[in-house]
Amino acid sequence: MIAKYFYIVSQHLIPRYIYFKLINTIHKRWQFGQRISWGKFSTIIFSPKSYINIGNDVIFSNSLYNPTISKKCKLVVANNAILTIGNNAGFSGVSINCSKKITIGNNLVCGGNVSIWDTDFHQLNSSDRIRNIGIVNTKEIKIGDGVFIGANSIILKGVKIGN
């Protein structure tokens, strides 16, 4: 039985570059570039049917000693969702939840505790939410090259920044 989601919580047993090389070989939908740095408490949760492309020189930072970062980096990519992160991107305590499509360009600087979500997570109508019916809205997010996102920003579905 295939697990619905794969969880990766900061690999310590084997070097990360070997781990991501192994993922690139086994799962053709997932491409991880070189020199990706995950903080000790980073978590990624992704569906086997998701598409992930993370470029070279990408940093996901978590620091218990930095007063501006109050949460760990967490990436969640759902079934058939597409997450693309370009080269030379830096994140500090970011939360990315991709239900449809999130595209992030090259040379991104992302301040501490930023949230990037392309979904409402649940129905907005309270009676639909109680009965668990209706459609959960999702829209693509596009963040261009050379963008700086300030600390504690929330990027919601349908947003386009830069380019």
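About the criteria used
Residues numbered from 1 in each chain as written. Predicted model: local features only at pLDDT ≥ 70, side-chain atom pairs only at ≥ 80, totals over all residues. Heavy atoms only, no water. Helix = DSSP H or I, 4+ residues; strand = E, 2+ residues; numbered from the N terminus. Buried < 20%, exposed > 50% of the residue type's maximum accessible area, 1.4 Å probe, protein only. Contact = heavy atoms within 4.5 Å. Areas by Shrake-Rupley, 256 points an atom, 1.4 Å probe, with all protein chains shown as cover. pLDDT = per-residue confidence, 0-100. Salt bridge = Lys/Arg side-chain N within 4 Å of Asp/Glu carboxyl O. Pairing = 2+ DSSP bridges.

Thoughts on the overall build of the protein chain
1) Next: Helix and strand counts for the protein chain stand at two helices and 17 strands.
2) Next: Buried residues in the protein chain amount to 40% of all 163 residues.
3) Next: Nonlocal contacts in the protein chain, meaning residues at least 24 apart in sequence, comprise 44% of its contacts between residues at least 6 apart.
4) Next: Of the roughly 9,200 Å² of accessible surface on the protein chain, a fraction of 56% belongs to carbon and sulfur atoms.

Examining the confidence of the model for the protein chain
1) Next: Put simply, the protein chain has an average pLDDT of 79, and 71% of its residues get 70 or more.
2) Next: In this model, residues 1-7 is a region of pLDDT below 50 whose contacts with residues beyond four sequence positions or in other chains number 17 contacts.
3) Next: Low pLDDT, under 50, characterises residues 9-14; the predicted model gives this stretch ten contacts beyond four residues in sequence or across chains.

A short note on the pattern of salt bridges
1) Next: Tallied over the full model, the rule gives two salt bridges.
2) Next: The partner of Asp57 in a salt bridge is Arg35, and the shortest N-O contact between them spans 2.6 Å. Remark: Arg35 occurs in the loop between β2 (30-32) and β3 (37-38) and Asp57 occurs in the loop between β5 (51-54) and β6 (59-61); sequence separation between them is 22 residues.
3) Next: With relative accessibility at 28%, the residue Asp57 sits in the partly exposed group.
4) Next: Arg35 gets classed as exposed once you look at its relative accessible area, which sits at 51%.
5) Next: The salt bridge involving Lys157 is made with Asp120; its shortest N-O contact spans 3.0 Å. You can see Lys157 sitting in the loop between β16 (154-155) and β17 (160-161) and its partner Asp120 sitting in the loop between β13 (115-117) and α2 (126-131), a full 37 residues away along the chain.
6) Next: Looking at Lys157, the relative accessible area reads 27%, which means it is partly exposed.
7) Next: What makes Asp120 buried here is its relative accessible area of 16%.

A word on the sheet that holds strand β11 (residues 101-104)
1) Next: With parallel pairing, the six strands of this open sheet are ordered in space as β2-β5-β8-β11-β14-β17. At either end of the open sheet lies a strand with only one pairing partner, and these are β2 and β17.
2) Next: Of the pairings in the sheet, the one linking β5 to strand β8 (residues 82-85) comprises four bridges and is parallel in character. Within the sheet, the bridge partner assigned to Ile52 lies in β8 and is Leu83.

Side note on the sheet that holds β6
1) Next: Read across the open sheet, the five strands follow the order β3-β6-β9-β12-β15; overall the sheet is parallel. The sheet terminates laterally at β3 and β15 (148-149), the two strands that pair on one side only.
2) Next: In terms of strand pairing, β3 meets β6 through two bridges, oriented parallel. Within β6, the residue paired with Ser37 across the bridge is Ile59.

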